[in-house]
Amino acid sequence: MKQATLHQLKVFEVTARHGSFTRAAEELFLTQPTVSIQMKQLTRAVGLPLFEQVGKRLFLTEAGKELLATCQDIFERLDRFDMAVANLKGLKQGHLRLCVITTAKYVIPRLLGPFCRQYPGIDVALTVTNHEQVVERLRGNLDDLYIPSYPPEHLDIQCHPFLDNPLVVVAPSQHPLSDRQRISIQELDGEPFIVRELGSGTRQAVEQLFATHGISMNIRLELGSNESIKQAIAGGLGISVLSHHCLALDRESSQLKILDVEHFPIERHWHLVYPSGKQLSVVAQAFFDYVSTEGREMIESNLA
Ligand code: PGA
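Here the structure is a predicted model, which is why all the values come from computation and not from measurement.

A. Broad picture of the site of the ligand. Residues in contact with the ligand, as listed here, are Ile 101, Thr 102, Thr 103, Asn 130, His 131, Ser 149, Asn 165, Arg 196, Ser 200, Gly 201, Thr 202 and Arg 268. Take Thr 103: an N or O atom from its side chain is 2.8 Å from an oxygen atom of the ligand. Between an oxygen atom of the ligand and a side-chain N or O atom of Arg 196, the distance comes to 2.9 Å. Look at the ligand: alone it shows 280 Å² of surface, and the protein chains cover 100% of it. Looking at the shell around the ligand residue by residue, the classes come out as one nonpolar, nine polar and two charged. The residue makeup of the shell around the ligand includes at least three contributed by each of domain 2 (90-163 + 270-303) and domain 3 (167-259).

Take a look at the structure:
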C-alpha cells in the first residue's frame, strides 16, 4: 500500500460511493479512462480485486470494503487536522455533518442561523430522519453529531441530554374530547389513530405506553411525516401523538388541540450523541458547546 497515493484513495472513495467509474469521473472532473487506470494501479498495490462488476454497477469486494473504511478514517483524520490547524490560526472552519431526529427539525435549523453567523467558516450538512435511521447512521459513523430523543442502549456512545421533547395527544379542535380534562387513557381505546411509519421513535413510544395499559390502537392511517400527520388530524382523519415541538409554529392558526390525557405527555429528551471512541472535530465541538449553552437558552426562550 506504500505505493498507493492519496489521490488514488480519493478516486477509490468516490467510485465506491457511486458504484460507477463514469459517475466518479463526473464528480472528480476526470475522464473515465483516468479513473479506471487509477483503480487498476490501486488494485495492483493492494494485491486483491477491489470491485466486482454486476451489469453496469460496481460492488465492493471484501478487500474493497476494508479499504473504504480505511479511506473514510484517513479522510476524517485529515479533515480534523485541517480544522485543528485553522483553529490554531484563530479560525473555526470546516464541514459539520449533523443527523437529527424528525422532531428536532423544528428547532435545530433555527439554531444554525446564529451559529453559522458566529462561525462563517463552517458549512453544515443536516440529515433529518427517523429514530431507526439515526441509529443506523450512528452505527456507520456517517456524521459528526447525532440528535436522537431515545439514545440506543446497545451502542457504546457519549450521550448528553439537552432539552425536553414531550409527546402529546393531538386531536382536531372540534373533537368531542377536546374540552375535557383528565381524560382516561382507556378512552383512547378504539379511537381512529394516525401513526408514523415503522422505525419511528414516536410510534414505538406510543405503542409501548398503549401496550402497558392494554389499549388497542385502531390505526386508520400511517404517514411518514409529522407535518402530514398534522394535516390529516386537521382534516378529521383521527387523532395522533406528536412531539410538542411539532406544534410550536402553529400556535395561533391551529385547528389542532392537545388533549389532556392521563400518562401524557410521554417524557422524552433530545440528546447530543456521538460514538464513544470518536474524537470530536473542532467544528463539531463548537456546535456541541453552542447547543449546550446559548442554543439551548434560545430554544427555551422561544418555547416560553
Ligand atoms: P421519530 O422520532 O421521528 O423516529 O418518530 C421522534 C423522536 O423520537 O423524537
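B. Geometry of the pairing of strand S1 (residues 51-54). Pairing geometry for S1 and strand S2 (residues 57-60), over four bridges, is antiparallel. The residue bridging Glu 52 from the neighbouring strand is Phe 59, located in S2. Connecting the antiparallel pair S1 and S2 is a turn made up of two residues, with Gly 55 showing a positive phi of about 65°.

C. A look at the sheet that holds strand S10 (residues 240-243). With antiparallel pairing, the three strands of this open sheet are ordered in space as S10-S7-S11. Strands at the two margins of the open sheet, each flanked by one partner only, are S10 and strand S11 (256-259). When strand polarity is set aside, the average angle formed by the axes of neighbouring strands in this sheet is 50°. Where strand S7 (residues 167-172) meets S10, four bridges bridge the pair, whose relative direction is antiparallel. Bridge pairing links Val 169 to Val 241 in S10. Contacting S7, S10 and S11, helix H8 (residues 226-234) crosses the sheet at an angle of about 135° to S10.

D. Quick peek at a nonpolar patch on the surface. Together, Leu 6, Ile 74 and Leu 78 make up an exposed nonpolar region whose accessible area comes to about 230 Å². As for its position among the elements, Leu 6 is in helix H1 (residues 6-18). For Leu 6, a relative accessible area of 48% puts it in the partly exposed group.

E. Region of interest: the packing of aromatic side chains. Counted according to the given criterion, the structure contains nine aromatic pairs. Taking 5.5 Å as the distance between ring centres and 45° as the angle between the ring planes, the aromatic pair formed by Phe 12 and Phe 51 counts as tilted. Taken together, the residues span a long stretch of sequence, with Phe 12 in helix H1 and Phe 51 in strand S1 at a distance of 39 residues. Judged by its relative accessible area of 16%, Phe 51 falls in the buried class.

F. Just the domain arrangement of the protein chain, in detail. We note that the domain assignment places domain 1 (6-69), domain 2 (90-163 + 270-303) and domain 3 (167-259) within the protein chain. Taking only C-alpha atoms into account, the centre of domain 1 sits 48 Å from that of domain 3.

G. A look at the UniProt feature "domain: HTH lysR-type" (unreviewed entry) in the protein chain. The sites that carry the UniProt feature "domain: HTH lysR-type" (unreviewed entry) are, in the present numbering, residues 1-61. Taken end to end, residues 1-61 is 59% helix and 13% strand, and its first and last C-alpha atoms sit 17 Å apart.

H. Summary view of the side chain of Ser 178. Summarising the element assignment, Ser 178 is placed in the loop between S7 and strand S8 (192-196). Exposure remark for Ser 178: the relative accessible area of 6% places this residue in the buried category. Looking at Ser 178, its side chain comes within polar contact range of the main-chain oxygen of Ser 173, at 2.8 Å. Polar contacts involving the side chain of Ser 178 include one to the main-chain carbonyl oxygen of His 175, which spans 2.8 Å. Setting aside residues no more than four positions away along its own chain, Ser 178 makes contact with Pro 172, Ser 173, Lys 257 and Leu 259.

I. Molecular detail of the pattern of salt bridges. Evaluated as defined, the whole model comprises 15 salt bridges. The residue Glu 27 makes a salt bridge to Arg 17 at a minimum N-O spacing of 3.2 Å. Taken as a pair, Glu 27 in helix H2 (residues 21-28) and Arg 17 in helix H1 lie far apart in primary sequence, ten residues in all. Across the pair Glu 207 and Arg 203 runs a salt bridge, and its minimum N-O distance is 2.9 Å. Of this pair, Glu 207 and Arg 203 both sit in helix H7 (residues 201-212), four residues apart, roughly one helical turn. With a relative accessible area of 10%, Arg 203 lands in the buried category.

About the cut-offs
Residues numbered from 1 in each chain as written. Predicted model: local features only at pLDDT ≥ 70, side-chain atom pairs only at ≥ 80, totals over all residues. Heavy atoms only, no water. Near = heavy atom within 4 Å. Polar contact = N/O pair within 3.5 Å; in protein donor to acceptor, adjacent residues only side chain to side chain. Areas by Shrake-Rupley, 256 points an atom, 1.4 Å probe, with all protein chains shown as cover. Nonpolar A, V, L, I, M, F, W, Y, C, P; charged D, E, K, R; others polar. Domains from an automatic or database assignment. Pairing = 2+ DSSP bridges. Helix = DSSP H or I, 4+ residues; strand = E, 2+ residues; numbered from the N terminus. Axes fitted to C-alpha atoms, helices over the stretch in contact; angles between N-to-C directions. Contact = heavy atoms within 4.5 Å. Patch = residues over 30% accessible without salt bridge, like charges linked within 9 Å, V, L, I, M, F, W, Y side chains within 5 Å. Salt bridge = Lys/Arg side-chain N within 4 Å of Asp/Glu carboxyl O. Buried < 20%, exposed > 50% of the residue type's maximum accessible area, 1.4 Å probe, protein only. Phe/Tyr/Trp six-rings, centres within 6.5 Å; stacked < 30°, edge-to-face > 60°. UniProt positions renumbered as here; feature names shortened; annotations may be inferred.

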